[in-house]
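Structural description and commentary
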Amino acid sequence: MVMKSSAQRINEIIKTAIERHEITHSEYASILSIADEDGHIDPMERAAIANLRDLIEDKTVRIVPDK
């Protein structure tokens, strides 16, 4: 299955968040907005968002205020 552009963009934001161990509120909102651009959250987008939520839950990545 070919990853579509929106899933790639989501994964890039998540990758950066993992590297920094944090994600801002606006980055998180951006991920959700990108996923919903076409009015449908596909399985790859859903998996990426679920992965991010797991990382936040286990405190690998923390949500921080915008700078």
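This text goes with the structure placed above it.
Below you will find a few notes about this structure. Please read all numbers here as calculations on a predicted model, not as lab measurements.

1. Some details on the packing of helix α1 (residues 5–20) against helix α3 (residues 43–57)
Look at α1 against α3: their axes get within 9 Å of each other, and the N-to-C directions meet at 15°. Classified by the angle between their axes, α1 and α3 sit roughly parallel to one another. As for the relative orientation of α1 and α3, their crossing is left-handed in sense. Packed against α1, whose contacting residues are Ser6, Ala7, Ile10, Asn11, Ile14 and Ile18, the element α3 presents Met44, Glu45, Ala48, Leu52 and Leu55 at the interface. When the residues that make up the contact of α1 with α3 are grouped by side-chain class, the tally is eight nonpolar, two polar and one charged.

2. Some points on unusual backbone geometry
With phi around 65°, His21 is a residue other than glycine that occupies positive phi space. Among the structural elements, His21 can be located in the loop between α1 and β1 (22–24). On the basis of relative accessible area, His21 is assigned to the partly exposed category, the value being 47%. Here the phi dihedral of Lys59 falls at roughly 65°; this positive angle occurs in a residue that is not glycine. With respect to the helices, strands and loops of the structure, Lys59 is situated in the loop between α3 and β2 (62–64).

3. Looking at the packing of α1 against helix α2 (residues 25–35)
Angle between the axes and distance between the axes are the two parameters that describe a pair of packed helices. Packing of α1 against α2 brings their axes to within 9 Å, and their N-to-C directions diverge by 160°. Put simply, α1 runs roughly antiparallel to α2. Between α1 and α2 lies a crossing whose hand is left-handed. Contacts between α1 and α2 involve Ser6, Arg9, Ile10, Ile13, Ile14 and Arg20 on the former and, on the latter, Glu27, Ser30, Ile31, Ile34 and Ala35. Split into classes, the residues belonging to the contact of α1 with α2 amount to six nonpolar, two polar and three charged.

4. As for the pattern of salt bridges
Under the definition given, this model contains four salt bridges. Between Arg9 and Glu37 there is a salt bridge; the shortest N-O distance is 2.6 Å. Residue Arg9 is located in helix α1, and its partner Glu37 is located in the loop between α2 and α3; the two are separated by 28 residues in the primary sequence.

Definitions and cut-offs
- Residues numbered from 1 in each chain as written.
- Predicted model: local features only at pLDDT ≥ 70, side-chain atom pairs only at ≥ 80, totals over all residues.
- Heavy atoms only, no water.
- Axes fitted to C-alpha atoms, helices over the stretch in contact; angles between N-to-C directions.
- Helix = DSSP H or I, 4+ residues; strand = E, 2+ residues; numbered from the N terminus.
- Parallel < 35°, antiparallel > 145°, perpendicular 65-115°, else oblique.
- Left-handed = near helix turned anticlockwise from the far one by under 90°.
- Contact = heavy atoms within 4.5 Å.
- Nonpolar A, V, L, I, M, F, W, Y, C, P; charged D, E, K, R; others polar.
- Buried < 20%, exposed > 50% of the residue type's maximum accessible area, 1.4 Å probe, protein only.
- Salt bridge = Lys/Arg side-chain N within 4 Å of Asp/Glu carboxyl O.

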